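Residues per chain are reported as follows:
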Amino acid sequence: GLGDIACEQLGPTPAAALERLAQTSGLITVRLHGLLLGALAGVPCVPIAYDDKVRVAAERLGLGDVVVPLAGVSDADLLQRLDIAAAQERRTIVSERVQMMRAERDDVARVLVRAGRRR
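Think of each chain on its own: its residues are numbered from 1, step by step along the sequence as written. In keeping with the model being predicted, local features are shown solely for residues with a pLDDT of at least 70 and side-chain atom pairs are shown and tallied solely at 80 or more, while totals for entire chains, interfaces and linings include all residues. Each side-chain value is derived from all of the structure's non-hydrogen atoms; neither hydrogens nor water enter the calculation.

> Give a detailed account of the overall build of the protein chain, specifying residues and quantitative values.
The number of helices and strands found in the protein chain is five helices and three strands. When the helices and strands of the protein chain are listed from N to C terminus, the series reads α-β-α-β-α-β-α-α. Note on classification: 1.4 Å probe, protein chains only; a residue is buried when its accessible area is under 20% of the maximum for its type, exposed when over 50%, partly exposed between these limits. The buried share of the protein chain, reckoned over its 119 residues, is 29%. Contact definition: two residues touch when any of their heavy atoms are within 4.5 Å. Counting contacts in the protein chain only where the partners sit at least 6 residues apart, residues at least 24 apart contribute 38% of the total. Helix numbers and strand numbers start at the N terminus; a helix is a DSSP run of H or I with at least 4 residues, a strand a run of E with at least 2.

So, in structure tokens, the structure goes:
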């Protein structure tokens, strides 16, 4: 069960959190930033959707089917969903989606830089 899983606070910086997350075998999170950091670190992640932004981000990352509604949390279900997220095929999809999102971010940054130069 989940009682055997360690819980710890990460930080104090995003870089430190990514470094620590990369050493773990999986992540269960209710926070959007936990989901994003887990995806960046390449760690299988099960998001608990306390808010639509978590569900939407999970869908963009290819994890829409492992999202758990806050009202539906159970040990067995979380562990089953973590197994799905940990499958190599799923990890590849998440990695590809992270790269796609980074490219989108870079495109937006280029547009903003060009717009700033026009002023």
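Having seen the structure, we can now continue with the description.
> A description of the nonpolar core should follow, citing residues and the corresponding values.
Residue types Ala, Val, Leu, Ile, Met, Phe, Trp, Tyr and Cys, when buried and joined through side-chain atoms within 4.5 Å, form a set referred to as a nonpolar core. Ranked by internal contacts, the top residues of the largest apolar core, which has 20 residues, are Leu35, Leu61 and Leu63. Broken down by secondary-structure element, the contributors of at least two residues to this core are helix 1 (14–21), helix 2 (32–41), strand 2 (45–49), helix 3 (52–60) and helix 5 (88–118). Looking at this core element by element, the count peaks at four residues for helix 2. Residues within four places of leucine 61 in sequence aside, it is in contact with Leu35, Leu36, Ala39, Ile93, Val94, Arg97, Val98 and Met101.

> Go over the pairing of strand 2, please, and point to the residues and values.
Judged by how many residues are buried, strand 2 sits mostly within the fold: five of five residues are covered. Burial along strand 2 is two-sided: Cys45, Pro47 and Ala49 facing one way and Val46 and Ile48 facing the other are all buried. On the question of chirality, the crossover connecting strand 1 (residues 27–29) to the parallel strand 2 by way of helix 2 is right-handed. Pairing of strand 2 with strand 3 (residues 68–69) involves two bridges; the strand directions are parallel. Whether a crossover is right-handed depends on one test, that the path from the first strand over the helix to the second runs clockwise when the strands point away from the viewer. We call two strands paired when DSSP finds no fewer than two bridges between them.

> Describe helix 2, with residues and values.
Owing to its 3.6 residues per turn, the α-helix aligns residues three or four sequence positions apart on the same side. Among the residues making up helix 2, those that are buried are Leu32, Gly34, Leu35, Leu37, Gly38 and Ala39. Tucked into the core, helix 2 has its buried residues touching helix 1, strand 1, strand 2, helix 3 and helix 5. At the C-terminal side of helix 2, glycine 42 shows a positive phi close to 75°.

> How would you explain the pattern of salt bridges if you had to name every residue and give the values?
Salt bridges, as used here, are contacts in which a Lys or Arg side-chain nitrogen is within 4 Å of a carboxyl oxygen on Asp or Glu. As enumerated under the stated definition, the model contains seven salt bridges in all. Taking the shortest distance from any N to any O, the salt bridge between arginine 81 and aspartate 77 comes out at 2.9 Å. Here aspartate 77 and arginine 81 lie together in helix 4 (residues 75–86), a separation of four residues that amounts to about one turn. The salt bridge partner of arginine 110 is aspartate 107, with a shortest N-O separation of 2.4 Å.

> Run through the sheet that holds strand 3, naming residues and quoting values.
Read from one edge of the open sheet, three strands run 1-2-3, paired in parallel fashion. Edge positions in the open sheet fall to strand 1 and strand 3, since each of these has one partner strand only.

> Account for the environment of arginine 60, with residues named and values stated.
By the element assignment, arginine 60 lies in helix 3. Considered as a pair, arginine 60 and methionine 100 are 40 residues apart in the sequence and their alpha carbons are 9.8 Å apart. Apart from residues lying up to four places away in sequence, arginine 60 is in contact with Arg97, Met100, Met101 and Glu104. There is a polar contact of 2.5 Å between the side chain of arginine 60 and the side chain of glutamate 104. Any pair of nitrogen or oxygen atoms within 3.5 Å is treated as a polar contact; in protein, a donor-acceptor pairing is required on top of that, and neighbouring residues in sequence qualify only through side-chain atoms on both sides.

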